[in-house]
Amino acid sequence: MRKRIVAGNWKMNKNFLEAEELVAKVADALETRKLKNTVVVLCPPFPYLELATDIACEAKFSVGAQNVYPDDSGAFTGEVSPVMLESMEVEYCIIGHSERRKYFHESNEFLALKLNALLKHNIIPVFCCGEVLDERNAKKHFKVVEKQLTESVFHLKKDQMAQVVIAYEPVWAIGTGVNATPAQAQEMHAFIRGLIAKKYSKKLADEISILYGGSCNAKNAAELFSNPDVDGGLIGGASLKEDDFMGIIDSL
Ligand code: PGA
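Residues numbered from 1 in each chain as written. Predicted model: local features only at pLDDT ≥ 70, side-chain atom pairs only at ≥ 80, totals over all residues. Heavy atoms only, no water.

**Q** Looking at this model, I keep getting lost on the nonpolar core. Mind explaining?
**A** Considering soluble globular proteins, one finds that nonpolar side chains tend to be buried as a cluster. Met161, Ile166 and Ile192 are the most contacted members of the largest nonpolar core, which totals 67 residues. The greatest single-element share of this core, amounting to seven residues, is contributed by helix 1 (residues 16-31). Contact partners of isoleucine 166, with chain neighbours within four places excluded, come to Phe127, Cys129, Leu149, Met161, Ile192, Ile208, Ser209, Ile210 and Leu211. Counting 14 residues, the second-largest nonpolar core is a separate cluster that includes Ile5, Val39, Cys128 and Leu211. (Core = buried A, V, L, I, M, F, W, Y, C linked by side-chain atoms within 4.5 Å. Buried < 20%, exposed > 50% of the residue type's maximum accessible area, 1.4 Å probe, protein only. Helix = DSSP H or I, 4+ residues; strand = E, 2+ residues; numbered from the N terminus. Contact = heavy atoms within 4.5 Å.)

**Q** It is not clear to me how the packing of helix 1 against helix 12 (residues 242-251) should be interpreted in this structure. Could you clarify?
**A** A pair of packed helices can be characterised by two numbers: the angle between their axes and the separation between those axes. The geometry of helix 1 relative to helix 12 is characterised by a closest axis approach of 10 Å and an angle of 35° between their N-to-C directions. By crossing handedness, the relation of helix 1 to helix 12 is classed as right-handed. Every residue of helix 12 that contacts helix 1 at Leu22, Lys25, Val26, Ala29 and Leu30 is listed here: Glu242, Phe245, Met246 and Ile249. Among the residues making up the contact of helix 1 with helix 12, the classes are represented as seven nonpolar, no polar and two charged. (Axes fitted to C-alpha atoms, helices over the stretch in contact; angles between N-to-C directions. Left-handed = near helix turned anticlockwise from the far one by under 90°. Nonpolar A, V, L, I, M, F, W, Y, C, P; charged D, E, K, R; others polar.)

**Q** What is the right way to read the site of the ligand from this model?
**A** In the vicinity of the ligand, 13 residues are found, and the nearest of them are Lys11, His97, Glu169, Gly175 and Ser215. The contact in question runs from an oxygen atom of the ligand to an N or O atom on the backbone of glycine 236, over 2.9 Å. The backbone of glycine 237 places a nitrogen or oxygen atom 2.8 Å from an oxygen atom of the ligand. Computed on the free molecule, the ligand has an accessible area of 290 Å², of which 95% lies beneath the protein chains in the complex. (Near = heavy atom within 4 Å. Polar contact = N/O pair within 3.5 Å; in protein donor to acceptor, adjacent residues only side chain to side chain. Areas by Shrake-Rupley, 256 points an atom, 1.4 Å probe, with all protein chains shown as cover.)

**Q** What is the right way to read helix 2 (residues 49-56) from this model?
**A** Each turn of an α-helix holds 3.6 residues, which means side chains three or four residues apart point in the same direction. Within the span of helix 2, buried status applies to Leu49, Leu51, Ala52, Thr53 and Ala56. Contacts from the buried residues of helix 2 go to helix 1, strand 3 (62-65) and helix 3 (82-87).

**Q** When you look at the packing of aromatic side chains in this model, what are you seeing that I'm missing?
**A** Aromatic rings in a pair are described by how distant their centres are and how their planes are angled relative to each other. Scanning the model with the defined rule gives five aromatic pairs in all. When the centroid spacing of 6.1 Å and the interplanar angle of 65° are considered together, the rings of tyrosine 69 and phenylalanine 110 count as edge-to-face. Note that tyrosine 69 is positioned in the loop between strand 3 and helix 3 and phenylalanine 110 in helix 5 (residues 108-120), a separation of 41 residues in sequence. With a relative accessible area of 24%, phenylalanine 110 lands in the partly exposed category. Ring geometry for phenylalanine 142 versus phenylalanine 191: centroids 4.8 Å apart, planes at 55°, classification tilted. Of this pair, phenylalanine 142 sits in helix 7 (residues 141-152) while phenylalanine 191 sits in helix 9 (residues 182-199); the two residues are 49 residues apart in sequence, bridging distant segments of the chain. Here phenylalanine 142 falls in the partly exposed class, since its relative accessible area comes to 24%. Residue classification places phenylalanine 191 among the partly exposed positions, given a relative accessible area of 23%. Ring-pair connections join several aromatic residues into one group, and the members of that group are Tyr69, Phe76 and Phe110. (Phe/Tyr/Trp six-rings, centres within 6.5 Å; stacked < 30°, edge-to-face > 60°.)

Shown next as structure tokens:
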């Protein structure tokens, strides 16, 4: 049975004390929850990973990073390597987020290198894909997502692919308050699962978690998550407040 996952992508938010407070609050709130086949992942900024992993070892959440550089070490000022993340017991890492693609010009080819690097160091990649509004309006959204997956992910061998989590995040839904409708999300998730089945096998496709991201909140999460191919969410804004985030977790 594939895992159901709610991951909080804090992006570039919170000072140290605020981060400490939020991690503690989420840990407390999770203590009383029964999380059957559900994984909660907190993805704070790099400087707060250690405080999160310190608490995570006794709490019911895992820790993820928001980015990684593909090399193990070297003269790459300001970057963080998969070796560093692995040595801090970071279990997940988001890659291919639309903000990285847009502001840092990360290409599908570069993301393929990041994916390989994470898998080499036993970190679960959360690979984001999704179209911008113009592409959806031009009915090119399936083509765009297929290209992103083909150029960044589908070179993996079967056993590597089995480790990957996919997040479908339509760019027009991120931080806008306009979420994809449950039907739009289901349609794309089923398409992605179909591509994986075609490239690998139906069995493998059925085992891969595909998360939805983009203005997911405590009000719309239950309907989005009730779709057969939506296995949870990658949550931005609503992961910054414990109540909102827990409301989403409780919707799963
Ligand atoms: P949002 O962001 O929930 O604030 O729309 C989601 C994301 O960017 O991962």
